[in-house]
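Structural characterization, general
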Amino acid sequence: MKVLVAVKRVVDYNVKIRVKADKTGVETANVKMSMNPFDEIAVEEAVRLKEAGTATEVVAVSMGPQQAQETIRTALAMGADRGILVKSDDDLQPLAVAKLFKALVDKESPDLVLMGKQAIDDDSNQTGQMLAGLLGWPQATFLSKVAIGDGSATMTREIDGGLETVEVKMPCVGTVDLRLNTPRYASLPNIMKAKKKPIETLEVGDLGVDVAPRLTTVAVEEPPARQAGVMVPDVATLVDKLRNEAKVI
Amino acid sequence: MAILVIADHDNTAIRQGTLAAMTAAQQIGGDVTVLVAGEGCRAAADDAAKIAGVSKVLCCDSPLYAHHLAEPFAALILTIARDYSHILAPAVTMGKNTLPRVAALLDVAQISDISGVVDADTFVRPIYAGNAMATVKSADAIKVITVRGASFDKAAHGDGSAAVEDLAAAEDPGLSSFVGQELSSSERPELTSARVVVSGGRGMGSAENFHHIETLADQLGAAVGASRAAVDAGYAPNDFQVGQTGKIVAPELYIAVGISGAIQHLAGMKDSKVIVAINKDEEAPIFQVADYGLVADLFEAVPALEAALAS
Ligand SMILES: Cc1cc2nc3c(=O)[nH]c(=O)nc-3n(C[C@H](O)[C@H](O)[C@H](O)COP(=O)(O)OP(=O)(O)OC[C@H]3O[C@@H](n4cnc5c(N)ncnc54)[C@H](O)[C@@H]3O)c2cc1C
Ligand SMILES: Nc1ncnc2c1ncn2[C@@H]1O[C@H](COP(=O)(O)O)[C@@H](O)[C@H]1O
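The written sequence of each chain sets the order in which its residues are numbered from 1. Here the convention is simple: chains get letters from A, ligands get numbers from 1, in the order in which they are written. Restriction of local features to residues with pLDDT of at least 70 applies here, the model being predicted, together with a cutoff of 80 or more for giving and counting side-chain atom pairs; totals for whole chains, interfaces and linings are based on all residues. Excluded from the side-chain calculation are hydrogens and water; included are all heavy atoms of the structure.

Strands are runs of DSSP state E lasting at least two residues, helices are runs of H or I lasting at least four, and both sets are numbered from the N terminus onward. Position of glutamine 181 of chain B relative to the elements: it lies in strand β11 (residues 176–183). Contacts are assigned to residue pairs that have any heavy atoms within 4.5 Å of one another. Not counting the four nearest positions on each side in its chain, glutamine 181 of chain B is found in contact with Leu163 and Glu164 of chain A together with His67 of chain B.

Here you go:
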């Protein structure tokens with residue numbers, strides 16, 4: 001079984017982002033970039049499937065600027081076998097990313113595509129579902145457990161009220177949630193080995209996909225700031241304030 | 001403009017998120033149809049007909065839609081999607097799972113988790129865990145949108161009397177089937193629509209201690225929430241998680257106990273009207289958003305709070 005795993009390069013989750021003064025976006029120059037945390041979980045799951053003998057090959061795919069190659073290297077150091085970079089300096093929106101992935105799936109014929117449930121920059125939570133739709137494949141989103149069977153997979157999902165288990169035919173698209181696994185840190189020897197693993201670079205044009213953005217960003221602004229609050233010395237004061245000042249209890 | 005709102009419901013009644021999506025639909029402006037699909041969902045369809053401003057309810061009652069599996073549900077929505085300029089669903093599991101599939105098959109973008117409507121083509125949505133607000137304009141003929149429940153008032157519900165029409169089921173793509181579910185049952189109010197939420201974090205220390213949160217919540221008639229760390233540690237079930245990647249809440253009162261206030265947690269609760277934080281670390285970032293901060297050991301403060309509320 002071949003697994004394609006999506007890895008997006010995003011502003012590191014620990015960075016306190018700053019909105020640009022001209023409101024065109026968020027400052028990304030000289031900001032620490034990392035693999036989208038959900039994608040680390042997707043890579044970990046793919047590598048575990050390989051270690052268990054279920055998967056035979058894990059291909060890490062990123063779409064974005066040349067530097068996204070570093071994100072692919074991280075995936076290779078975690079245990080992916082090879083990488084594909086689809087190079088683009090343009091704003092790739094989820095529908096475009098899904099179409100590019102579809103073109104790669106047509107080329108690579110994987111049995112499983114694993115993605116994150118959400119990219120922590122655009123917070124869209126769309127790409128996996130879109131890809132599954134375009135391929136006419138089933139989708140198993142927000143995964144907290146993956147069990148690959150013969151021709152189908154039993155997938156447990158985090159839903160509003162708890163957990164749900166579904167069975168989907170293979171091939172399928174899975175998007176992973178936080179509690180699927182804990183991603184490993186790449187060891188130094190594996191980081192060294194990853195340097196020799198192949199990364200193929202494609203241009204968007206090679207895949208014949210129209211990636212023109214459908215949404216234009218009119219403005220990006222700071223959210224409204226909250227009024228500064230007060231510190232209360234004890235529980236009695238807190239209860240008094242909640243009853244008589246805020247009147248919420 | 002013709003707008004389709006996809007209802008979230010439990011077959012008997014519509015859920016609150018549907019009312020928020022309805023408000024967003026009314027702000028866009030147009031003729032609103034609500035789709036209620038499920039198994040034995042006639043009561044929910046009748047309930048949807050009572051929402052103020054709805055002109056028609058489409059009811060599709062079939063075992064195919066019992067669990068809103070994305071593949072058959074998207075196929076159903078696609079049988080009618082092209083009759084509408086806007087398709088809206090609440091940003092709950094159902095909407096987040098199904099709508100992007102619909103959008104892709106219509107070859108349009110989805111506008112996720114909107115928190116505001118500027119005009120029929122332009123919407124506001126949070127990005128980077130709500131640390132920035134993006135105003136985006138869509139060039140697509142059909143706008144597919146999920147709506148953040150905490151950001152919109154609930155549409156009035158009770159006086160409406162829209163007609164309910166049956167909608168035929170679509171062909172089953174036969175790609176997926178439901179196996180089972182484990183729901184965390186609770187008598188407490190639902191997290192995303194509760195007036196008061198009490199949340200516990202890693203500071204609770206254990207699943208046993210987490211019961212302090214539940215006791216306090218019950219005294220206040222509140223829902224219980226949790227930080228990711230508390231869920232990961234097994235103190236609380238996954239569906240209690242509040243934050244960027246959990247539930248978004250905006251109650252009148254949010255009480256955070258033993259939660260540090262990471263940006264990912266703040267993303268899910270910083271629009272609450274009144275925020276209380278109890279934490280023993282005075283430097284904890286949660287105090288930056290708290291209206292009332294109490295630096296204290298929670299194992300003393302929470303029982304004291306319970307006693308004070310009881311008196
Ligand atoms: C991709 C991604 C998505 C995420 N999504 C979410 C999300 O949706 N929601 C979310 O919550 N987090 C999320 N996180 C995690 C987030 O970054 C934090 O790790 C998490 O919120 C921390 O939880 P906490 O505040 O309970 O734990 P900690 O940060 O460990 O804080 C515990 C707090 O308890 C206090 N404390 C300890 N003992 C006591 C005591 N006896 N009395 C009083 N106070 C005490 C401590 O002072 C401390 O401030 C996400 C992270 C990533 C990378
Ligand atoms: N440019 C990209 N390159 C690689 N993977 C991506 C890209 N954009 C999105 N993805 C994948 O799609 C998931 C969901 O992203 P989104 O729909 O943007 O929230 C991410 O977690 C990634 O796995």
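What follows is about the domain arrangement of chain B. Residue and element names in this part refer to chain B. Assigned domains of chain B: these are domain 1 (2–166) and domain 2 (191–310). The start and end points of each domain follow an automatic or database-based domain assignment. Using only C-alpha atoms to locate each centre, domain 1 and domain 2 end up separated by 30 Å. Listed by partner, the interface residues are 8 residues for domain 1 and 9 residues for domain 2. Both sides of the domain 1 and domain 2 interface together cover about 660 Å² of buried area, and 56% of this is carbon and sulfur. Summed over both partners, the accessible area lost on bringing two parts together, with a 1.4 Å probe, is the buried area.

This brings us to the pattern of salt bridges. Salt bridges are defined by distance alone: a side-chain nitrogen of Lys or Arg within 4 Å of a carboxyl oxygen of Asp or Glu. Counted by the stated rule, this structure contains 31 salt bridges over all chains. Here aspartate 218 of chain B ties to arginine 188 of chain B by a salt bridge, and the two come within 2.7 Å at their closest N and O atoms. Placement of the pair is aspartate 218 of chain B in helix α5 (residues 211–220) and arginine 188 of chain B in the loop between β11 and β12 (196–200), with a sequence separation of 30 residues. Overall, the relative accessible area of 24% leaves arginine 188 of chain B in the partly exposed class. Overlapping salt bridges bring together Lys2, Glu57, Arg82 and Glu108 of chain A as one network. Buried, partly exposed and exposed residues are distinguished by accessible area as a fraction of the type maximum, computed with a 1.4 Å probe on protein chains only: under 20%, between the cut-offs, and over 50%, respectively.

Stacked, tilted and edge-to-face pairs are distinguished by plane angle, under 30 degrees for stacked and over 60 for edge-to-face with tilted covering the rest, among Phe, Tyr and Trp rings (Trp via its six-membered ring) whose centres lie within 6.5 Å. Following the criterion strictly, the structure yields 1 aromatic pair over all chains and no others. Look at tyrosine 65 of chain B and phenylalanine 73 of chain B: their rings are 6.3 Å apart centre to centre, the planes differ by 45°, and that puts the pair in the tilted class. Here tyrosine 65 of chain B falls in the buried class, since its relative accessible area comes to 0%. Here phenylalanine 73 of chain B falls in the buried class, since its relative accessible area comes to 1%. Note on criteria: charge over ring means Lys NZ or Arg CZ within 6 Å of the ring centre, with the direction from the centre no more than 35 degrees off the ring normal. Above the face of the phenylalanine 142 of chain A ring, lysine 117 of chain A is positioned so that its terminal group lies 5.7 Å from the ring centre.

Let's shift gears to the interface of chain A and chain B. Each side of the interface is counted separately: chain A has 73 residues, and chain B has 83 residues. The junction of chain A with chain B conceals about 6500 Å² of combined surface from both sides, 54% of it contributed by carbon and sulfur atoms. Summed over the three residues of chain A that lose the most area to chain B, namely Asp160, Arg214 and Arg226 of chain A, the buried surface amounts to 12% of that side. Our count for the chain A to chain B interface comes out at 5 salt bridges. Here arginine 214 of chain A makes a salt bridge to aspartate 140 of chain B, at a shortest N to O gap of 2.9 Å. Here a polar contact is taken to be a pair of N or O atoms separated by no more than 3.5 Å, where protein atoms must pair a possible hydrogen donor with a possible acceptor and residues adjacent in sequence count only if both atoms sit in side chains. Here chain A is connected to chain B by 48 residue pairs in polar contact (both at pLDDT 80 or more).

This paragraph deals with the sheet that holds strand β4 (residues 86–90) of chain B. Residues and elements named next belong to chain B. Should DSSP find at least two bridges between two strands, the strands are regarded as paired. The strand order β5-β9-β4-β1-β2-β3-β10 describes an open sheet built from 7 strands, whose pairing is parallel. Looking at the sheet topology across the chains shown, the edges are occupied by β5 (110–114) and β10 (163–166). Looking at each pair of strands side by side, their axes are set apart by 25° on average, direction ignored. Alignment of strand β1 (residues 2–6) against β4, held across 3 bridges, turns out to be parallel. Looking at the pairing, isoleucine 3 lines up with histidine 86 of β4. Across the sheet, helix α4 (residues 93–105) lies against β1, β4, β5 and β9 (143–147), angled at about 160° from β4, the strand it touches most. For helices, the fitted line uses only the C-alpha atoms of the stretch in contact; every axis is such a line through C-alpha atoms, and the angle between N-to-C directions lies from 0 to 180 degrees.

Another aspect to go through is the nonpolar core. Counting residues in hydrophobic clusters, the biggest one holds 59 residues, and the most contacted among them are Ile6 and Leu35 of chain B. The element best represented in this core is helix α3 (residues 94–108) of chain A, accounting for 9 residues. By size, the runner-up hydrophobic cluster in this structure holds 46 residues, among which are Val220 of chain A together with Leu19, Ala120 and Ala134 of chain B. Definition used in this section: a nonpolar core is a set of buried Ala, Val, Leu, Ile, Met, Phe, Trp, Tyr and Cys residues joined via side-chain atoms within 4.5 Å.

A few words now on a negative patch on the surface. Taken together, the side chains of Asp89, Asp90, Asp91, Glu203 and Asp206 of chain A define an acidic patch exposed on the protein surface. Topologically, aspartate 90 of chain A is positioned in the loop between β5 (82–87) and α3. Residues enter patches when their relative accessible area tops 30% and they take part in no salt bridge; the joining distance is 9 Å for like charges and 5 Å for the nonpolar side chains Val, Leu, Ile, Met, Phe, Trp and Tyr. For every accessible area listed, the method is Shrake-Rupley and the probe measures 1.4 Å; residues are considered covered only by the protein chains on display. In this charge count, Lys and Arg are treated as positive and Asp and Glu as negative; neither His nor the chain ends contribute. Charged side chains are reduced to one point each, which is NZ for Lys, CZ for Arg, CG for Asp and CD for Glu.

We now examine the site of ligand 1. Of all residues adjacent to ligand 1, which total 29 residues, the nearest are Arg202, Ser227, Ser260, Gln264 and Asn279 of chain B. Here, proximity means that at least one heavy atom of the residue falls within 4 Å of the molecule or strand. Residues lining ligand 1 come from chains A and B. Within the contact set of ligand 1, an oxygen atom lies 2.6 Å away from a side-chain nitrogen or oxygen of arginine 202 of chain B. Interatomic distance of 2.6 Å between a side-chain N/O atom of serine 260 of chain B and an oxygen atom of ligand 1. Relative to its unbound accessible area of 980 Å², ligand 1 is 86% covered by the protein chains. Counting only elements with at least two residues in the shell around ligand 1, the list comes to α1 (37–51) of chain A together with α6 (228–232), α7 (263–266) and α8 (298–310) of chain B.

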